Amino acid sequence: MTFSLRFPLAPALAISLFVSSLEAQDPGALVEGEAARAADAYLTRLELFGFTGAALIVEDGRTVLRKGYGLADREAGIPITASSVFSLGSITKQFTAAAILALEARGLLSVHDPIADYFSDVPANKQAVTLHHLLTHSSGLASDFAPTDFDPAGRERNAYVRRALDSELLFAPGSGYEYSNAGYSLLAAIVEIETGKEYEEALRELVLDPAGMDETGYRIPQWDRARLAVGYRDGERWGTIVERMEEAGAPFWQLRGNGGLHTTLADIEDWDRALETAAVLPAAERAAMFTPHVPEDPDSISFYGYGWAIEETPRHGTLVWHNGGNAIYLAELHRWVDEGLTVFVVTTDPALPATPVAATLEAIAFGEAYDMPPELVEVDPAALARVAGEWRLLSGEILTVTGHEDRLAVSARGPEGTALLFPLSERAREIAPDLEARTRAVLEALFGGDYGPLAEAFGGVPIAEVRAREEELMADRHARLGQPTGFEIVGLVPMPAGPGILARIDFTRGSAWNTYVWGPNGLQGVRPAPDPPSAEYRPVGDAVFESFRLRGAPGPRIELRGGDEGPVLVIHGPEGPTEARKG
């Protein structure tokens, strides 16, 4: 026996009505040609799994897809359209690079100038740093000199520059590569010094206006707030970056010039066209921008130019690209030079981020295989609510199922349930033991009052800063949950910024969860949460639910069955079915 959850409304009709409604609200939307229709069908299906963002595809200079998907503001019910405004994140760097090159084209500076030509009292160890080093992340400067993009610690230009100049270099200028946001903020400072204008105003005159990009900037465009795409995380409203730049003097210097510019799909179209002409930069400067100056990795697979990464791919030739984000917004801009293809994707929720979506759109454009999200069916919300509750695995571990209007959210407290809900790819299985061991060492030290290993994992962040963050977090948890009693490493879970090791921290009155997100250079961040992460499942048939993973191992299928001893929840994972019973 199975449980029927469906409404009479046919899913294809529901999707058609939904899409038609959105297109009526999006007069700027464009879908032309077979590949664009396939891409639109993919994104429309993905939208039903929660995708929120926009996409642009340009083939040989002709735009074939320009469209928004999902809601820009969920609370207000405002859809994302082709004219919605999004954050570019670190794609901002290519515009700062273009401003520097535009000044060089006018004979006002050279990329080979030492920074000592622009800043006073440059220490001896940085006298050799040039604009070229800043442009290519080969200066030896660390990435950031403020804890967040919006911290007022970087309010004053001269104070921020001084902090960067007085910092320790990671290596001698020109002898290595380390991605540095601060380097691009110094370039923005040089733009201001050379032009005598604020960065955004100078950028508009040097780059944006010549490119025809009227709606790109930090504050000057003054967009209607209804057009701003709101960011969300874990189902909660995060807000917009524009809201965080309302204070006088913002954006502050830890963001200015290296991130946070906002734009529209139409402006990215204009930028793509401008890169093919002398509208902004003469040929020599454009060639310099896309020259692979410095290898980004030991194997020299990817190089950094001026504000762009450059790769030679085996199947489709030269790819110049950049991405940017803040763990909420994510944008990807890819230009396949030899194929004449440009793909831009931006998202507002890290649950379905832009990076794998862009890869899928490229596969569609190149006629390659890709995974299509399953077709959903309409369900009775009351029937979903009946699936909700606690389900016990044979081992005794509990799965918690929460029913929402059109989906289920399933979470686990222990390693077995987490492994079922978040199956690992082959690569994730390979790296999990090492990351788990590193996370365990950090937590064991913290439980012993030693903040050194956590500071070291973060790449040498001052221990005092690490201690202050941890004490603030634990003070709140102590107040709610009592004294800590121990921890358990639950396992690896996928995160937008990289693999995350989930740890349960136990207290006398409950538990809390930390996800330790690791990258190639160490710990990227710690995500504290009051509850374990959940996997979302949507109905694809009678009492059958699926999640859709953009990358990594596919999520398990969940089926609700009847049995002699009551309902059974069957989790169909890669190792076969696993049963759980209510209560």
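See above for the structure.
Residues numbered from 1 in each chain as written. Predicted model: local features only at pLDDT ≥ 70, side-chain atom pairs only at ≥ 80, totals over all residues. Heavy atoms only, no water.

A. Spotlight on the pairing of strand β12 (residues 309-313). Judged by how many residues are buried, β12 sits mostly within the fold: four of five residues are covered. Bridge analysis of strand β11 (residues 302-304) against β12 gives three bridges, and the strand direction is antiparallel. In the sheet register, Tyr304 faces β12, and the bridge partner there is Ala309. Linking β11 to β12, which pair antiparallel, is a turn of four residues; within it Gly307 sits at a positive phi near 80°. The pairing of β12 with strand β13 (residues 317-325) spans five bridges and is antiparallel. Considered in β13, the bridge of Thr313 is made with Gly317. (Buried < 20%, exposed > 50% of the residue type's maximum accessible area, 1.4 Å probe, protein only. Helix = DSSP H or I, 4+ residues; strand = E, 2+ residues; numbered from the N terminus. Pairing = 2+ DSSP bridges.)

B. Fine view of the pattern of salt bridges. Within the structure shown, the criterion is met by 29 salt bridges. The salt bridge partner of Asp40 is Lys67, with a shortest N-O separation of 3.0 Å. One end of the pair, Asp40, is in helix α2 (residues 34-47); the other, Lys67, is in strand β3 (residues 62-69), with 27 residues separating them in the sequence. For the pair shown, Asp40 and Lys67 are each scored as buried. (Salt bridge = Lys/Arg side-chain N within 4 Å of Asp/Glu carboxyl O.)

C. Structural detail: the packing of helix α6 (residues 181-195) against helix α7 (residues 199-211). At a closest axis distance of 9 Å, the pairing of α6 and α7 adopts a crossing angle of 75°. The orientation of α6 relative to α7 falls into the category roughly perpendicular. On the side of α6, the interface is formed by Ala188, Val191, Glu192 and Thr195, while α7 contributes Tyr199, Ala202 and Leu206. (Axes fitted to C-alpha atoms, helices over the stretch in contact; angles between N-to-C directions. Parallel < 35°, antiparallel > 145°, perpendicular 65-115°, else oblique. Contact = heavy atoms within 4.5 Å.)

D. Molecular detail of the side chain of Arg286. Residue position: Arg286 is located in helix α9 (residues 283-289). Buried charge without a salt bridge: Arg286, with Glu276 as the nearest opposite-charge side chain at an N-O distance of 5.9 Å. (Lys, Arg positive; Asp, Glu negative; His and termini not counted.)

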